[in-house]
Amino acid sequence: MAEVLPHGILEICVVVGASHEKLKEICQAIPKDGIRSHCYLSPEIRSVHVPPFVSKEDSRFGNSDQSFTRISRRRSFKKKKELKHTNPAATNANAGHIESQSEEFSIPSNIDLQGLPQLCFPGELQIETEAKEDRYHFLVFTDVFGTRTYGVAVQFYRLIEEGNSFQHGQTNWNVHNQRMSTLYAPFCVCVISKFPYYTAFKDCLSSLMVHVKTCQELDFDHKVRQFAAKLALVPSPPSGTLHLVFNLNPLLIVLPSREDPNYPVADLDIHLPLLCFKPKCILQILTCILMEQRIVFLSADWALLTLVAECFILYLHPLQWQHTYVPILSKEMMDFLMAPTAFLMGCHIDYFKEVKSEIEGLILVNIDEGTISFSNLAATEPDIPEMPSQAAECFAQRIESLQLHYDLELSHLGSSSDISNLRMRRRNWQQNLNLTIQELFLVLVVNMFRDVSDYLNYEYRVFNSEEFLKTRTVSDQPFYKKVLETYIFHSFLKARLSRKMDAFSHMELRICPESNRVKMRDNPRRPTMEQMVMRREYHFDHLVTKRFAASMPNLPVDICQDFSAEHLSIRKNKSENAMKKSTKSVRTLKLPEFRSPLNYSSVIAWYTDFINLLSKAINATGQECSSLLARYYYLRGLAYLMQEKYLEALSDFQNLYKTDLDIFPKELVKKVIGVLPPDQHSQAGQKPELKRLISIMLEKEQNVTASDEHVKKFELPKTHMHKEDFLKRIQESGIVKDVGTILRLFDALTIVNSEKNKLKYRDMTTEQITTAKVVSRSVFYLSAETGHLKQIDPETFRDFYNFWKESEAEAHEVNLPLEVIEYLDKNESVFKLSSAVKTNYGVGKIALTQKRLFLLKEGRPGYVEISKFRDIMEVENVSVMFFPLRIPALKIKTALKEPFVGNLKTERDLWQLIVKEMWAGRTMADKHKDPQYIQEALTNVLLMDAVVGCTHSRAIYAASKLAYFDQMRNLVVPKTTLETLKHKINPSADQTSPQAVNALLYAPGNPNYPEEGANANPKLWCALSEGKVVLIDAASWCIQQHCIQVGNSKLNCMLGVDSSQLWIGSQDSCIYIINTYSMSCNKQLTEHCTDVTDMVLEDQGSNLSQKCVYSCSLDGSVICWDVSTLQIKTNFQLSNCHGLTAIQLHNCMLWCCVGDALLEVKKNGQVFRTLILENPNGSRAFFSCFLVLPGKNQLVTGCADKGEVCFWDMENLSKPLQKIQLQDCSSINCMIFVKNQVWIGSKGLDKANGKIYVIDADKYYVEKELVAHVDMVRALCSAENKYVLSGAGREDGKVAIWKVD
């Protein structure tokens, strides 16, 4: 059972000093030799104190002052003491000590005591004739697994009294000397913990020093032991805003928590390096750490070595130093600096000259002087490039505004006689400064690496480092070339590819420009006009651009290319808002006073007091403070465990599901469940909440699969590729993700191969061709045109890939003059330039953007617009006579100006394909109100260009295989659909394939959004497959957050409880609660046993206490939840339920859809009425969904197995009031009521055809039939009664926005 018990903040407490024998020798030598100044001794471990200090077994035998060991987790340390025989007379006196004795201590397995004495006295241990001031320093230990433990040590001096020295309270010698001089021996107490509570442990040791300096020799070891036993009781606070306070007379000790779980504990003054170094020097040190150099900190103050090194480690969070880390090297450890691998170490400044002259390749950081130098043994200094200029400049500007001197904060305050008040005031100032500095450095890290995510392929875990480097400025490339090869960056990539929502991810969302963050396109990437201007160091406010408004309810015509004007300065505003993050108020909890002496009964009594204290705090805290409640539950659960009350502990941990799941101790709970005695396991099975908790934990343990954390670099193929392998390779390369586009590219490139195959296989026999198949070990496809094998050889793939990347690189080199840029929109990019050609508009190069064609005139730079793609009327190939030649030319007719004719010569046929495809894409985008078509057409165009560029024969024919939209141009969109459809969104834009939209929820904007600088626009929440939730800004209809993960199962329903809570019902039987302010899911309701299928809100007032939610699951279970407490108010089970799929609340009655019937149920579960619909053959029809029309007192039902809608009078449920048969409909999936209209989402008779029917609720007829999805309509929701939004199955995966008449 001891294995399960949680640890306090103390791992081990060690007393170090000169050995008992050495002190005795010195005292005996004084009468003969006198006092020797600076008498140097070797430090040894004098005593070790390891928790637990008391046990139940000890109390039974009355031996409450002894500790027991946890053999399975601990290893023993034996300290031998050998006593010399001085004379025979002494033999009898010391008969009990003649033989070598040993004492066995149980110590943590990750702590090595052998080298600890040298670290406690890293300088020298010497006897002094007068006491010196106590000195503190700090240690960090790292085991072979990279786990760190932390130590705080205090060196102090005690008077060596005549006649004794303390050693476990024993008197060990007796020297008589009337002229005994005053001597002081140095000792050290070192406290070691898993937690870096540097300031707290320093305060603890300061309190200890008050007592041990004045105590008798015999009491010293006892007081240290009692001190260690008290620290062993204190738990580490969970992340959040609850700090723990306990009394170690004369000081109150504060244990700070991590305000953000994504940050490490920072219990030190992290502004110290800012006082020691200039900003430029700090950036240089950070660069050296990022590049994994061999770094040595030097100072005359041992304490500063660790504190400064720890600050720099914190500055780079969440990037982590993974190499050797020894912030303090003792004299005996100086050879560590000879290590050839990367390390971060620290040593005394006295060794500066020796280290600099004898060891090469070191970065020497002089803390005392604030300088950086290099060991000069090597011929040249290490090549350390500068940090990226933009990030560095932003950091330097912000750091200047920091107030780093506490005295300036006190200038307007009066003096205080209360030391506790002074300490608290200083602590609060330091805490706020720490948070500000942490955010400042986090912004620096984000500014350096925020573009990395644009070059990640999440599905195949590929980082395209070459393309990332190409987009860096020339001056920044040396920095990135080195950093990208480091293990630090590799670990950072693992977290990004795993979509980890850490501090970096949250800050990236806060400060990155929305135009970059919510891009709906995957590829291709080209520099925008805004970026071109920024490269020229001109402010973009000088540009003249045209934009559409992008706010509800007015929808933009071209949302993918046009943004609101506020985006011009969003980079600056977002960054400033990010730095103004409001800090939450910090709460403190004072632990009970420690009882004395600390024996088993007093320890149990202390935990009882602690539990009572927490119970009172829980009862006094409302559910609106759920975060604080969670911390109380967590701590009480730990206290119950220490009393071995496992069921009570599990109940408290289970409460974290409803308060804050982020601090749920999953591993600890698993251990507790694993050691539950049979009787307690049986009792847990009788409690539904504990039974469910145990079931969840065991199920998760069974479903645990090793996550793939490797990072790959894209490599060109070396063998022939069949279709599936080619698909994977292209997706890995990051060129394009869409499967359909890749398959068309495969067809295009196989035309190239077919020409090669004609030559390769022309003279082969059938047997030889078969042999060729076996050799390549590939599955081949026969070309319908040539009959040859369809495959892509590595040479063709390489030529295509290289041409694509070269074109991308050339596009990044395009630098338009400002006279041209001012005619273009800020987010437009040039994707292709022709050769210089003669046209009827002048001589120049034809340029293609995602919106238009224009002529970039040569000579004096000039802009002549040829046409926007939506204005084109005809594109044709013509010939221009230039005697005696006929020059191939392209003619483009528009309605606004004279036709454009360009003498493109050999480029004509390609440009014809390109222009026609973009024209068709624009036409399709306008017809279907889907801006993604433009991006897809643009991708097709660039693929055409690459295919032609890597092909020598039949190039245009091969490229024509990619002209998808040109072939779809004549696709007819019904007039009603065209008039009603306003816009389309692709929430799966970040996925490799479309995801089904299973549920939609529109949330109106909130101008009183509580967090400063937050976006108060309306939002659209989309529930996709595999537990993914996508958030879309409903003002611009751009994706605001690509993926909030809530479980891994299908999400069935969503409910907006209030502006801060979004409830999501999942197929895994859980209800997930998303905090809409933090965009995190830290609460779950787990009482359902099967799929949560629907939820409905009963709102009786504005307060949460006046709201309740009814949720239902497939097995017929209905639960009523108190929204304020998340507790079950009532619940019931429908009998003989064939599948409960939907519920609605009307007139204090619940209407439940159970498949072949609708049930009107009282809130206590009693069925009041039943509605059934019989088919002509006598069987019952199955309902899929229904609506209650309160104003009409009617019900509307939809059938799951046919396209029939029935209207019912709620007073008479015997037969339908009206039946409507929907044309070309095979099943009805969802329906909503908007403005006296019933909108119905269905599945058409064609498998891949989703239709929406709009029925007049008064006249009972179908007003409209809308077709905009190629898969069934799965979800419908209303936006302010002005728009209806529909989501489709995975074959379509899009959301359509419809205007409501």
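Residues numbered from 1 in each chain as written. Predicted model: local features only at pLDDT ≥ 70, side-chain atom pairs only at ≥ 80, totals over all residues. Heavy atoms only, no water.

## Observations concerning the pattern of salt bridges
As a reminder of what qualifies: Salt-bridge detection follows one rule: a side-chain nitrogen of Lys or Arg within 4 Å of a carboxyl oxygen of Asp or Glu. Only DSSP runs of H or I covering at least 4 residues are called helices, and only runs of E covering at least 2 are called strands; the numbering of each starts at the N terminus. Only protein chains enter the area calculation, which uses a 1.4 Å probe; residues under 20% of their type maximum are buried, those over 50% are exposed, and those in between are partly exposed.
One pass over the full model with this rule turns up 41 salt bridges. Between Arg631 and Asp660 there is a salt bridge, and its shortest N-O distance comes to 2.7 Å. Linking Arg631 in helix α22 (residues 626-642) with Asp660 in the loop between α24 (656-659) and α25 (666-675), this pair joins segments that are 29 residues apart in sequence. By the burial criterion, Arg631 is buried, and Asp660 matches it. The closest approach of N and O atoms between Asp747 and Lys790, which form a salt bridge, is 2.9 Å. Residue Asp747 is found in helix α29 (residues 739-761), and its partner Lys790 is found in strand β21 (residues 789-790); the two are separated by 43 residues along the sequence. Owing to a relative accessible area of 29%, Asp747 belongs among the partly exposed residues under this scheme. Relative accessible area serves as the criterion here: at 16%, Lys790 is assigned to the buried category.

## Some thoughts on the confidence of the model for the chain
For clarity, the cut-off: Each residue carries a pLDDT value, the predictor's own confidence for that position, ranging from 0 to 100. Contact between two residues is taken to exist if any of their heavy atoms lie within 4.5 Å; hydrogens are not considered.
Per-residue confidence for the chain gives a mean pLDDT of 83, with 83% of residues at or over 70. Within the model, pLDDT remains below 50 along residues 163-179, and this stretch shows 44 contacts once partners closer than five positions in the same chain are excluded. In this model, residues 1010-1014 is a region of pLDDT below 50 whose contacts with residues beyond four sequence positions or in other chains number six contacts.

## Regarding the packing of aromatic side chains
Inclusion rule: Only the six-membered ring of Trp is used, alongside the rings of Phe and Tyr, when aromatic pairs are assigned; centres must lie within 6.5 Å, and planes under 30 degrees apart are stacked while those over 60 apart are edge-to-face, with the rest tilted. Here, a charge over a ring is recorded when the distance from Lys NZ or Arg CZ to the ring centre is within 6 Å and its angle to the ring normal is within 35 degrees.
Tallying each qualifying case throughout the model produces 38 aromatic pairs. Chaining the aromatic ring pairs together yields one cluster made of Phe449, Tyr455, Phe463, Phe468, Phe479, Tyr480, Phe489, Phe492 and Phe504. Above the face of the Tyr406 ring, Arg426 is positioned so that its terminal group lies 5.2 Å from the ring centre. Sitting over the ring of Tyr480, Arg472 keeps its end group 5.8 Å from the ring centre.

## With respect to the sheet that holds strand β7 (residues 135-142)
Note the following rule: For two strands to be treated as a pair, DSSP must find at least two bridges joining them. Whenever a helix is involved, its axis is fitted only over the stretch in contact; in every case the axis is a line through C-alpha atoms, and angles between N-to-C directions fall within 0 to 180 degrees.
The five strands lie next to each other as β3-β1-β9-β8-β7, forming an open sheet whose pairing is antiparallel. Bordering the open sheet on either side are β3 (43-49) and β7, each of which pairs with just one other strand. Along the sheet, successive strands turn relative to each other by an average axial angle of 25 degrees, direction set aside. Two elements, strand β8 (residues 148-159) and strand β9 (residues 184-193), share 10 bridges in a ladder whose sense is antiparallel. Bridging across to β9, Ala153 finds its partner in Cys190. Against the sheet, helix α5 (residues 198-212) touches β7, β8 and β9, its axis set at about 25 degrees to β8. Where helix α9 (residues 302-315) meets the sheet, its contacts fall on β7 and β8, and the angle it forms with β7 comes to roughly 45 degrees.

## Comments concerning the sheet that holds strand β51 (residues 1237-1244)
Read from one edge of the open sheet, four strands run β50-β51-β52-β53, paired in antiparallel fashion. At either margin of the open sheet sits one strand with a lone partner, and together these are β50 (1225-1234) and β53 (1261-1269). Averaged over all pairs of adjacent strands, the angle between strand axes in this sheet comes to 25 degrees, irrespective of strand direction. The pairing of β50 with β51 spans eight bridges and is classified as antiparallel. Of the residues in β51, the one forming a bridge with Val1234 is Gln1237.

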